[in-house]
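Overview (structure and organization)
Take a look at the letters that make up each chain.
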Protein chains: 2
Amino acid sequence: MAKYRIGVDLGGTSIKVGIFSGNGELLGKKNSATDPFCRSWREVVADMAGLIEGLFRENGAVEADCHSIGVGTPGLIDSRKGTVVYASNFNWERVPILEELKRRFDLPMALANDADCAVLGETVAGAAKGAKNKNVVMFTLGTGVGGGVVLDGRLSGGGPGKMELGHTIIVAGGEPCRCGILGCLEAYASATALIRDASRAAEDDRDSKMWELCGGELSNMNGRIPFDAMRAGDKTAKRVVENYIGYLGVGVANAINIWRPDIILLGGGIANEGDGLILPLTERVRANVFAGDRGCLPIIKRATMGNDAGLYGAAALNV
Amino acid sequence: MAKYRIGVDLGGTSIKVGIFSGNGELLGKKNSATDPFCRSWREVVADMAGLIEGLFRENGAVEADCHSIGVGTPGLIDSRKGTVVYASNFNWERVPILEELKRRFDLPMALANDADCAVLGETVAGAAKGAKNKNVVMFTLGTGVGGGVVLDGRLSGGGPGKMELGHTIIVAGGEPCRCGILGCLEAYASATALIRDASRAAEDDRDSKMWELCGGELSNMNGRIPFDAMRAGDKTAKRVVENYIGYLGVGVANAINIWRPDIILLGGGIANEGDGLILPLTERVRANVFAGDRGCLPIIKRATMGNDAGLYGAAALNV
């Protein structure tokens, strides 16, 4: 019998743990609160271990029945050392998370960034399950822009850390990014960037439907309003959305010119716009792909797994 | 005895073939003219096969003594199919180069882009030979901007084609690139781009040393003149060079934020500026690296193998 795999998705709010069958079926999951600011990292890891033991018990399993434990966490990680180098949303620096977990379990383990786990999860069990060559690039369009790359079914990376696709520069000297760099993809293609641009445009044009939809209060602006206003025929909103899609198209085309994936996945809140985003984006991407139609344009589609992708991906990490 | 490896470096001017010992020592090489416009691709491949047979004879070897044949060629290639999809400088489209070569040799073969072969060659035998994790990114700063990525000692890529690092966009909507896209790294960091910017600046400021160094004739401008003029104290040239290094720094930082390599290599004519380029570039890169000093800045250095890198890399391709 193929052995169980454990996946851990460590987030700012909760620690989620899943137990999977050898062929990747989720058999059970558990979670508890993370509270990273009230507690030491050792306490967080102890809870993680407790959840894993609980899942073993509930599934009549012992440690020896388990193939591996994969952990996904936010921040800059060193997968070779199994260390969280820096995670601003936990206030963690140089946390040897796998070393600590190995005091509880004598099992092969792997650590990866949570956005990387999400793209791997979508590749093994979600929207990119059928990708011909299992070459997949995913962009998560939320507060920031996350991303990850799977080549030949395995997470692709280089040295310590993860691929910071959101922090590649697409406008040298452009908009300030919250990371401190100017002109990052994240500063143009995140929900935060869209809200910034929509707010600027609504302030300049108070006849815009966007102004009405946020009740004349820019703090109510969100990433859906410009799309909703555009669909209602608002020209200012159309300009904001087209501009946003143009920049996102640059980031997507750059990924294509680097990796030539089979599938580009879009996750995060903005991806909920579906075809209203994806159809014009595909056109914009086409204009920026090297060697044009000779270059084989990948399919662009929505990620489908949502919050579970990270758990599936963590369990599927190579150990 | 480890078997011989054959490397082929197919260029617009010449076909170069080398025979290597099992531990990567170059034992002999041969070349002949390519003449891709006067001849069919079959004739070019026949010459290639003839050169390989000549090297076998001269080294007292037979086909069975050989481990593999690796071929590097310019253009968009499909390494899975062993096909040159499109090479503008040969006017080749869909050329099944390995299929043709297999009619002559019953050996494992691999096809890769020549810039990819160069970075692999530098990694196995050149400037990046000692890279700790064998994670290396190379940029070739010539007429265009080439590039390649080696992770864990192997060429990294995705789907068909190569990584077009020179055709990732660093200024959305910026300078037109000869590939048709606006704002590519190549449109800012190639020798061609430097010459364009130096010519514009010299024309605007005829008191500039650059104007003098090109004899008042902008067609004499080259990539060395702005550096030479800067060293002579010319402020306009200094501005041109700093601007160039700023954009190159964006491209290099993007590669670091993606791959976190141990070493960044610079090849091509502009790399001959050595420390005059590399020291200020390192400073500019530092400002654009995600997570700053926590992110481990790689060493930036010159490629050292020149024209031979492609031959060494082709022979080292995984088959």
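**Notes on the overall build of chain A**
- Scanning chain A for helices and strands turns up ten helices and 13 strands.
- Against the globule reference of 20 Å for 319 residues, chain A gives a C-alpha radius of gyration of 21 Å, in line with a compact fold.
- Considering only C-alpha atoms, chain A reaches an extent of 65 × 50 × 35 Å along its principal axes.
- Carbon together with sulfur atoms contributes 46% to the accessible area of chain A, which is approximately 12900 Å² in total.
- Taking the average place of the 35 positive charges on the side chains of chain A and the average place of its 37 negative ones, the gap between the two points comes to 4 Å.

**Regarding the relation of the copies chain A and chain B**
- In screw terms, the move from chain A to chain B is a rotation of 180° and a rise of 0.0 Å along the axis, fitting with an RMSD of 0.0 Å. A rotation of that kind, with that shift, is consistent with a two-fold axis.
- A high fraction, 100%, of the interface residues of chain A reappear at the interface in chain B, so the copies pair face to face through one surface.

**What about the nonpolar core?**
- Ranked by internal contacts, the top residues of the largest apolar core, which has 107 residues, are A:Phe139, A:Trp259, B:Phe139 and B:Trp259.
- When sequence neighbours within four positions are dropped, the list of residues in contact with B:Trp259 reads A:Gly158, A:Gly159, A:Met163, A:Ile258, A:Trp259, B:Val137, B:Val149, B:Leu151, B:Met163 and B:Leu165.

**Let's talk about the interface of chain A and chain B**
- Across the contact, 38 residues belong to chain A and 39 residues belong to chain B.
- Both sides of the chain A and chain B interface together cover about 3400 Å² of buried area, and 61% of this is carbon and sulfur.
- Looking at the side of chain A that touches chain B, the elements with two or more residues in it are β6 (83–87) and α8 (235–259) of chain A.
- Its residues placed into classes, the side of chain A that touches chain B shows 21 nonpolar, eleven polar and six charged.

**A closer look at the environment of B:Ala191**
Residue and element names in this part refer to chain B.
- For Ala191, the location among the structural elements is in helix α5 (residues 191–204).
- In sequence terms Ala191 and Tyr244 are 53 residues apart; their C-alpha atoms lie 9.6 Å from each other.
- With residues up to four places along the chain from it excluded, the contact list for Ala191 reads Leu141, Gly142 and Ile270.

**A word on helix α10 (residues 309–316) of chain B**
- Most of α10(B) sits out of view: seven of its eight residues are buried.
- Buried residues of α10(B): B:Ala309, B:Gly310, B:Leu311, B:Tyr312, B:Gly313, B:Ala314 and B:Ala315, and no others.

**Structural notes on the side chain of B:Asn135**
Residues and elements named next belong to chain B.
- Of note, Asn135 is situated in the loop between α3 (114–125) and β9 (136–141).
- A residue is classified by how much of its surface remains accessible, and Asn135, at 1% relative accessible area, is buried.
- A distance of 2.8 Å separates a polar atom in the side chain of Asn135 from the backbone nitrogen of Asp152.

**Focus on the packing of α8(A) against helix α9 (residues 275–287) of chain A**
All names here are of chain A.
- In the contact formed by α8 and α9, the axes pass within 8 Å of each other and the chain directions differ by 60°. The orientation of α8 relative to α9 falls into the category oblique. Seen from above, α8 lies across α9 with right-handed handedness. The residues of α9 that touch α8, namely those facing Glu242, Tyr244, Ile245, Gly246, Leu248, Gly249, Val252, Ala253 and Ile256, are Gly276, Leu277, Pro280, Leu281, Arg284 and Val285.
- Residue composition of the contact of α8 with α9, grouped by class: ten nonpolar, three polar and two charged.

**Things to note about the sheet that holds strand β8 (residues 109–113) of chain B**
All names here are of chain B.
- Within the open sheet, the five strands sit side by side as β3-β2-β1-β4-β8. Their pairing is mixed. Edge strands, defined here as strands with exactly one partner in the open sheet, are β3 (26–33) and β8. Looking at each pair of strands side by side, their axes are set apart by 15° on average, direction ignored.
- As defined by bridge partners, strand β1 (residues 4–10) adjoins strand β4 (residues 66–73) across six bridges and the pair is classed as parallel. When the sheet's bridge partners are listed, Asp9 is paired in β4 with Gly72.

**Some points on the environment of B:Val149**
- You can see B:Val149 is positioned in strand β10 (residues 145–151).
- Setting aside its immediate chain neighbours within four residues, B:Val149 contacts B:Asp116, B:Val119, B:Val136, B:Val137, B:Arg154, B:Leu155, B:Ser156, B:Met163, B:Leu165 and B:Trp259.

**Here's the deal with the packing of aromatic side chains**
All names here are of chain A.
- What the rule picks out here adds up to nine aromatic pairs over all chains.
- Taking 6.1 Å as the distance between ring centres and 85° as the angle between the ring planes, the aromatic pair formed by Phe56 and Phe105 counts as edge-to-face. With Phe56 in helix α1 (residues 41–58) and Phe105 in the loop between α2 (97–102) and β8 (109–113), this residue pair connects regions lying 49 residues apart in the sequence.
- Judged by relative accessible area, Phe56 falls into the buried class, the value being 6%.
- For Phe105, a relative accessible area of 2% translates into the label buried.

**Overview of the sheet that holds strand β13 (residues 299–302) of chain A**
Residues and elements named next belong to chain A.
- Here five strands make up an open sheet; going across it, the order is β11-β10-β9-β12-β13 and the pairing mixed. Looking at the sheet topology across the chains shown, the edges are occupied by β11 (154–155) and β13.
- Two elements, strand β12 (residues 263–267) and β13, share four bridges in a ladder whose sense is parallel. Note on β13: the bridge partner recorded for Leu265 is Lys301.

**Concerning the pairing of β6(A)**
All names here are of chain A.
- Counting buried residues along β6, four of its five residues qualify, which places the element largely inside the surrounding structure.
- Alignment of strand β5 (residues 76–78) against β6, held across three bridges, turns out to be antiparallel. If you follow Asp78 over to β6, its bridge partner there is Thr83.
- Between β5 and the antiparallel strand that follows it, β6, lie four residues; Gly82 among them carries a positive phi value of about 75°.
- The pairing of β6 with strand β7 (residues 92–95) spans three bridges and is classified as antiparallel.

**With respect to unusual backbone geometry**
- Not every positive phi belongs to a glycine, and A:Arg260 is a case in point at roughly 45°.
- By the secondary structure assignment, A:Arg260 is in the loop between α8 and β12.
- Positioned with a positive phi, B:Asn91 is a non-glycine residue whose angle comes to about 60°.
- Tracing the chain through its elements places B:Asn91 in the loop between β6 (83–87) and β7 (92–95).
- Owing to a relative accessible area of 60%, B:Asn91 belongs among the exposed residues under this scheme.

Conventions adopted
Residues numbered from 1 in each chain as written. Chains lettered and ligands numbered in written order. Predicted model: local features only at pLDDT ≥ 70, side-chain atom pairs only at ≥ 80, totals over all residues. Heavy atoms only, no water. Helix = DSSP H or I, 4+ residues; strand = E, 2+ residues; numbered from the N terminus. Rg over C-alpha atoms; globule rule 2.2 N^0.38 Å. Areas by Shrake-Rupley, 256 points an atom, 1.4 Å probe, with all protein chains shown as cover. Lys, Arg positive; Asp, Glu negative; His and termini not counted. Charge placed at Lys NZ, Arg CZ, Asp CG, Glu CD. Least-squares fit on C-alpha atoms with pLDDT ≥ 70 in both. Contact = heavy atoms within 4.5 Å. Core = buried A, V, L, I, M, F, W, Y, C linked by side-chain atoms within 4.5 Å. Buried < 20%, exposed > 50% of the residue type's maximum accessible area, 1.4 Å probe, protein only. Buried area = accessible area lost by both parts, 1.4 Å probe. Nonpolar A, V, L, I, M, F, W, Y, C, P; charged D, E, K, R; others polar. Polar contact = N/O pair within 3.5 Å; in protein donor to acceptor, adjacent residues only side chain to side chain. Axes fitted to C-alpha atoms, helices over the stretch in contact; angles between N-to-C directions. Parallel < 35°, antiparallel > 145°, perpendicular 65-115°, else oblique. Left-handed = near helix turned anticlockwise from the far one by under 90°. Pairing = 2+ DSSP bridges. Phe/Tyr/Trp six-rings, centres within 6.5 Å; stacked < 30°, edge-to-face > 60°.

The values are spatial; any link to function lies outside them.
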